[in-house]
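# Understanding the architecture of this molecule
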Amino acid sequence: GEALVVDPRTWSDAGDLEPGAVDGRRVLVLGCSPLPFENQRMNMAPGDRTWQFARALVEDGHAVCVAAMRIPGAYETDQAPVDRFSESGVFVTTMEEAVFREPGVVEKLVAAFRPDVVVGASSAVPSLRAVEVAGDLPVWIDLFGDLMAEAQARLGVHPEEGLAPYRDVLVTLLDRGDAFSAVSSRQRFSVIGQLGLVGRLDRESRDSELVHVIPCSIGDGRNGAADRSSDTTLEGIESGDFVILWSGGFNTWCDIDTLVTGVEMAMSDNDSLRLVVTGGAIPGHDDLSFDDFLKRVESSDFSGRITVKGRLETSELETWLERADLGVVTEKKLLERTLGSSGRVLGWLTLGLPLVCTGV
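This is a predicted model, so every value here is computed, not measured.

With that out of the way, let us pick up unusual backbone geometry. Residue Pro-34 is reached from Ser-33 by a cis peptide bond, and omega for that bond is 15°. Tracing the backbone shows Pro-34 in the loop between strand 1 (26–33) and helix 1 (45–59). The phi angle at Ser-88 is positive, at roughly 55°, despite the residue not being glycine. With respect to the secondary-structure elements, Ser-88 resides in the loop between strand 3 (82–87) and strand 4 (90–95).

Okay, here's the thing in structure tokens:
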């Protein structure tokens, strides 16, 4: 089709940004949205991670511009293809995936902003775009979870797919990146091994710290324990009910059998237990795990005590988080879990919500 044309004035405000510190840099962060402060239907880990970078950088005195690819299915359908706004001193532009990927679009933002460094944060697609638009600029690649372990987990749901596309993307990022970040010490060692396989552990890099650990972080409106009361009555929930909450997407690592079987066993012993599920399928990544869960619920003897709310806007989700008595997340024993992170667990901890999670 025809190339997408974006009004050049879209990027004009980015050129006016100046560092807040004498030694501040101009940093372009490419990531994903919705960002955590946006009231949308799918506030997921990549958006949290993108804002984690942007927030920390601007607080350290750098001039920060964010270009975020909208996660498919996360926004209402009446969104304009490109939106721009300022938040906490950061110039933010969010774009539909097709716009974000379109050659020449993000490049215009680079020309207007004139960054000193480009950061690819939160997932492979933004990092690939960072490599494509950076030219000779230094590039920081945030490997937010192990890409090959994620590919392995995905094969459990989509066995027809191969590993080669994921490997090719990873090699491209490892070849070009000037510095890398991982979410844990375990993943850092994995990245070091991968860098060795592509020839990056050479004479020039022997004294360099190529891989840095940046743990998962939650903030912006979700700090501090919530006011929680079992007397609150919500749809399908009565005063005195004990509410178990699953909150978040059903990804390739979700252990559906353990979740449903465990809840059924608990409900058979306690009539006050109710399971509430907010979240659902992850469009384009895992559309099957949630369907498997729904089938298990339909055939369960306790289906009348399970409420599936699906994706909720942030404001409505917060209501259920305040009502919940216990959070639960069950995970398969996969390398992706060993090397990755759990934003939902960290979010529950910041709210003071007791939780049950898999040992990995």
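Taken in spatial order, the eight strands line up as 3-4-2-1-5-6-7-8 in an open sheet, and their pairing is mixed. Of all the strands in the sheet, the pair left with one neighbour each is strand 3 and strand 8 (211–213). Looking at each pair of strands side by side, their axes are set apart by 20° on average, direction ignored. Where strand 2 (residues 63–70) meets strand 4, five bridges bridge the pair, whose relative direction is parallel.

Turning our attention to the pairing of strand 3. Here strand 3 pairs with strand 4 via six bridges, running antiparallel. Each bridged residue has a counterpart across the sheet, and for Val-82 the counterpart in strand 4 is Met-95. Adjacent in sequence and paired antiparallel, strand 3 and strand 4 are bridged by two residues, among which Ser-88 carries a positive phi angle near 55°.

For helix 1, built from 15 residues, the straight-helix expectation of 21 Å at 1.5 Å per residue is met to within 8% by its first-to-last C-alpha distance of 21 Å. Taken residue by residue, helix 1 has Pro-46, Gly-47, Asp-48, Arg-49, Thr-50, Trp-51, Gln-52, Phe-53, Ala-54 and Arg-55 as its buried positions.

So, how was this worked out
Along each chain, residues carry numbers from 1 onward, in the same order as the chain's sequence is written. Only residues with pLDDT of 70 or above have their local features reported here, since the model is predicted, and side-chain atom pairs are shown and tallied only from 80 upward, although totals for entire chains, interfaces and linings are computed over all residues. Side-chain measures here rest on the full set of heavy atoms in the structure, leaving out hydrogens and waters. Here a strand is any run of E in DSSP of at least two residues, a helix any run of H or I of at least four, and the numbering for each starts at the N terminus. The pairing criterion is simple: DSSP has to find at least two bridges between the two strands. A fitted line through C-alpha atoms represents every axis, and for helices the fit uses only the stretch in contact; the resulting angles, taken between N-to-C directions, go from 0 to 180 degrees. To estimate the expected span of a helix, subtract one from its residue number and multiply by 1.5 Å. Here's how the labels work: a residue is buried when its accessible area is under 20% of the maximum for its type, exposed when over 50%, partly exposed in between, all with a 1.4 Å probe on protein chains only.

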